[in-house]
Amino acid sequence: MASLPRNDGAPPPPPRRRPPPRVLLLRHPHHFSLIDRPLPDGFLFLKPWESPLPFDDFLSSADARAAEAIYSSGREPVTADMLRRLPEARLVVTTSAGLNHIDVAECRRRGVAIACSGDVYTDDVADLAVGLLIDVLRKLSASDRYVRRGSWRSEGEFALGSKLGGKRVGIVGLGRIGEEVAKRLEAFGCAISYHSRKKKPYVSYTFYPNVHELATNCDAIVICCGLTEQTHHMINREVLLALGKDGVIVNIGRGPIIDEKEMVQLLVQGELGGAGLDVFENEPSVPEELLTLDNVVLSPHRAVYTPETLSNLCDLVVGNLEAFFSNKPLLSPVTTAKLDSVGFS
Amino acid sequence: MDSIGVLMACPMNAYLEQELEKRFRLFRFWQVPQKPQFLKEHAASIRAVVGSSVAGADAELIEALPRLEIVSSFSVGLDKIDLGKCREKGIRVTNTPDVLTEDVADLAIGLCLAVLRRICASDKYVRSGKWKKGDFRLTTKFTGKTVGIIGLGRIGTAIAKRAEAFNCPISYNSRTEKPDCKYKYYPSVVELASNCHILIVACPLTPETRHIINREVIDALGPKGVLINIGRGPHVDEPELVSALVEGRLGGAGLDVYEHEPEVPEELFGLENVVLLPHVGSGTVETRNAMADLVLGNLEAHFTNKPLLTPVV
C-alpha cells in the first residue's frame, strides 16, 4: 500500500519491504494445479519435492527452518515434531475439511494459528449427498446401466424405486454440511431429524441422543460428521440393523465412520436396503462385493472436486495467507467453536 | 360390474391389472393376436379404455368402440389420447395428476445432479477398477446454477421449489406469463435457453410443443449447457440432440423419455455427460400404487354415476 505524500510534495520513501513470507508446501498444491491456477505472488513457496534431500533432511535445512507458514492438503500430517523443528512457523493452512492430520493441541500451545477450508466445500458436499440419496432410492445409476446394456428393449420395465418425499432422513452431525443437506431435503418433502454430540438450540429438527435411536426412527441416514476417536465405527452393525431392510445410508464424511465390513455383509444379505458412498475405509480400494450390487452407488471421493469449488478454495488459501501476513484476521480461522463442531473439545 | 368390458391398452402395472380383472371384464389389448377381429367381436362390450404414456386411445380405436364411455389414463400426460374425438363423442377422460408430481420433480433434480456431478459415470469408474489407477476428473457444481423451466405447471413449480433449495436462480417459459410469479419469464424458449445453464422440459406434449427443443434451442444452450427431459420424447428433435451431444455442441443431457421408447439412440451409450433412464418419472412403488388407485377410483365413480375424481374431459 503506498504511503500518502508528505505536505512538501516530495515523493514518499519507498516502502520498507520485508522479504516475502516463506510458506512450506508439504506436497504439490494440487488444488491449484487442477484448475491451472498459479501460486500467488508475494510469497516464497518452499517445495521439498523439488529438493534432492529426503523430506526429513529438508525439514532440517536452513531454508525450511525459516518457514513462517505450513501448507497441508490434509494427507500430510502437521505433527508436534514438525512444529518443533520449524520455530518460525506461526500459521498452518490446510485445505482439508477435517483437522485429524494436525496436532491442534500443539498448535494451540505454541500460538500457531490454523486456517482451514471454512465453508468452501459445503455446497458441493451437500449436493453430492442429495444426489447419492436420490440415485439409491430412484435407482438412477442402476437403470442407466440397464438402458446402456439394451435391457429396456429386451426385458421391459426396470424395477420400481422408492419415493423420496415423506422419507424420514436422519442427519449424523448437524454442522454446516448437515444443515445444508437438511435444507435441500426439506424441499423434497423429507422429514428431518438429527444426532449430534449436543442438541442444537434454535433448531426445529427432532434430536436423537444417539445414533442407534436415530437409525431406528429413520428411513435413511446421511453421515455429515468428521472422523474422530468417538465417531470411528460409530455406524456399526446394530445401527445398520436398526436402519433395516429398506433403510439407506449415505456417507460423505469419512470411510472409517462406518464399520465397512459389517455394512457390506448386511447389504449382501439384504438386511440393509442400500448405500450411497463417496468415502471408504481403504481408498481407493472398494470392497469387491459392492461392485456388483445394484442397490449401492459408489463415488470415488470427489465430493469437492469441481472447478467452482477449487477456485473458491484457492481464493480462500490466498486470502488467508495475505490476511495473516498483513496482520489482518484470518478469513477461515480454526476457533474453539470450530474445533467443537468437528469433534474436538 | 364384472360384465363391463374394460380394454387395457398395454401392460402398465400388475396391481392395476389385478384389480381391473377383479372388478370388470378385462381385455388385454397387447395379447390380442388379430386386433381388427378382436374389435369386431368384443367392441360392443367395451365401455372403458385404460391407457398410459405408452398407448392410449387414438381416433381409430375410439371409432372402433361405439360403446366407449370413458378413457382413464395411467399417466398425467394426455398425448396418447385423441381429446378432440373424446369431446366430440361425449367420452369422459381422466388422468393421474398430483400423485406423481413430486416423483417427477425429484427425478428432474436427480438428473441435474447425476449429469453435472457425473454420479453415474463415476460409479462406473469405481466399478471398473479405474479409481485404483487415478482420480476421476473434475465435475460441475450444481448449487447456484441458473435453471430454466419450460412449463410452469404442477411439475414445473415443484422442480423450481427444489432447485431453489440449491440456490439456483429460476427462470421459465410457458404459453403465458404467470402473474405474481417470482421467477423470471422469457417469452421464447430460445431466449430462455440462452440465459440458463440447465434447461428442463416440464410442459405437456401437444402439437405446439412437439420438437420445442430444436437445433436453435440446443445451440442457444451451448457447449456448457445441459438439457433435462422429463416430459415426452417428442418434445426434443432427437437426431439433433444426439449429434449435438456427440459433437460436443451441447454440454450434457439427462433423459427419461425418448421419441421411440424403448429405443434409445445407441450413439449416446458411450457418452459420460449423458444419463439415460427408462421412463421412470413416476416409477416408485408408492406413486404407481397411488396412480392405479386413481384410475380405479375414476372408473368406479363413472360406473356408479358419481363425480369423476380427476376428469380432463
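Just so it is clear, the structure is predicted and the values come from calculations on it, not from any experiment.

## Notes on helix α7 (residues 140-148) of chain A
1) Next: In terms of residue burial, α7(A) counts as a mostly covered element, since seven of its nine residues are buried.
2) Next: On its buried face, α7(A) is in contact with α6 (122-138), α8 (151-155) and β12 (296-298) of chain A together with α5 (101-116), α6 (119-127) and β12 (274-276) of chain B.
3) Next: Where α7(A) ends, the next residue or the one after it, Gly150(A), has phi of about 80 degrees, a positive value.

## Describing the UniProt feature "domain: D-isomer specific 2-hydroxyacid dehydrogenase NAD-binding" (unreviewed entry) in chain B
1) Next: UniProt annotation of "domain: D-isomer specific 2-hydroxyacid dehydrogenase NAD-binding" (unreviewed entry) refers to residues 109-281 of chain B when read in the numbering used here.
2) Next: Taken end to end, residues 109-281 of chain B has its terminal C-alpha atoms 11 Å apart, with 29% of it in helix and 14% in strand.

## A look at the UniProt feature "domain: D-isomer specific 2-hydroxyacid dehydrogenase catalytic" (unreviewed entry) in chain A
1) Next: Here, the residues flagged by UniProt with the feature "domain: D-isomer specific 2-hydroxyacid dehydrogenase catalytic" (unreviewed entry) are residues 63-334 of chain A.
2) Next: The span residues 63-334 of chain A carries 37% helix and 14% strand; its end-to-end C-alpha distance comes to 27 Å.

## Quick notes on the state of the cysteines
Formally, a disulfide is one covalent bond, and it connects the sulfur atom of one cysteine to the sulfur atom of another.
1) Next: Overall, the coordinates contain zero disulfides over all chains when judged by the stated rule.
2) Next: No disulfide involves Cys225(A); its sulfur sits 7.7 Å from that of Cys224(A), the nearest cysteine.

## Examining the domain arrangement of chain A
Residue and element names in this part refer to chain A.
1) Next: Domain annotation for chain A reports domain 1 (22-118 + 307-340) and domain 2 (122-298).
2) Next: Computed from C-alpha atoms alone, the centre-to-centre distance between domain 1 and domain 2 is 33 Å.
3) Next: In this complex, domain 1 contributes five residues to the contact, which on the side of domain 2 involves five residues.
4) Next: Roughly 340 Å² is buried in total at the junction of domain 1 and domain 2, and carbon and sulfur atoms are behind 17% of that figure.
5) Next: The tally of links between domain 1 and domain 2 comes to zero salt bridges.

## Focus on the interface of chain B and chain A
1) Next: If you look at the interface, chain B gives 61 residues, while chain A gives 59 residues.
2) Next: Summing both sides of the interface, chain B and chain A together bury roughly 5000 Å²; the carbon and sulfur share of this comes to 58%.
3) Next: For the pair chain B and chain A, the interface holds eleven salt bridges.
4) Next: The partner of Glu308(A) in a salt bridge is Lys145(B), with the nearest N and O atoms 2.7 Å apart.
5) Next: Viewed at the interface, chain A and chain B are joined by 29 residue pairs in polar contact (both at pLDDT 80 or more).
6) Next: Only α5, α6, α7 (154-164), β12 and α11 (285-303) of chain B provide two or more residues apiece to the side of chain B that touches chain A.
7) Next: Here the element with the most residues in the side of chain B that touches chain A is α5(B); it accounts for nine residues.

## Focus: the nonpolar core
1) Next: Counting residues in each nonpolar core, the largest one holds 101 residues, and the members touching the most others are Ile171(A), Leu16(B), Leu20(B), Phe142(B), Ile159(B) and Ile230(B).
2) Next: Looking at which element gives the most residues to this core, the answer is α5(B), with eleven residues.

## Let's talk about the pattern of salt bridges
Residue and element names in this part refer to chain A.
1) Next: Summed over all chains, the structure comprises 50 salt bridges over all chains.
2) Next: With a shortest N-O distance of 2.9 Å, Glu106 and Arg110 are connected by a salt bridge. Of this pair, Glu106 and Arg110 both sit in helix α5 (residues 104-110), separated by four residues, roughly a single helical turn.
3) Next: Classification of Glu106 as buried rests on a relative accessible area of 12%.
4) Next: With a relative accessible area of 38%, Arg110 lands in the partly exposed category.

Analysis parameters
- Throughout, residues of each chain are indexed from 1 in the direction in which the sequence is written.
- Note on labels: chains are lettered from A, ligands numbered from 1, in written order.
- Two thresholds apply to this predicted model, a pLDDT of at least 70 for residue-level local features and 80 or more for giving and counting side-chain atom pairs, whereas whole-chain, interface and lining totals are computed over all residues.
- Hydrogens and waters are ignored; side-chain quantities use all the structure's heavy atoms.
- The rule is simple: take the accessible area with a 1.4 Å probe, protein chains only, and divide by the maximum for that residue type; under 20% is buried, over 50% is exposed, in between is partly exposed.
- Working definition: helices are DSSP H or I runs of at least four residues, strands are E runs of at least two. Numbering for both runs from the N terminus.
- Contact definition: two residues touch when any of their heavy atoms are within 4.5 Å.
- UniProt positions are given in the numbering used here, feature names are shortened, and annotations may be inferred rather than shown by experiment.
- Whenever a pair of cysteine sulfur atoms sits within 2.5 Å, that pair is classed as a disulfide.
- An automatic or database domain assignment supplies the start and end points of every domain.
- Buried area: the accessible surface (1.4 Å probe) lost by two parts on joining, summed over both.
- Definition used for salt bridges: Asp or Glu carboxyl oxygen within 4 Å of a side-chain nitrogen of Lys or Arg.
- In the analysis that follows, any N or O atom pair within 3.5 Å is treated as a polar contact, provided that within protein one partner can donate a hydrogen and the other can accept it, and provided that, for residues neighboring in sequence, both atoms belong to side chains.
- The nonpolar core is taken to be a set of buried Ala, Val, Leu, Ile, Met, Phe, Trp, Tyr and Cys residues, with the residues joined through side-chain atoms within 4.5 Å.

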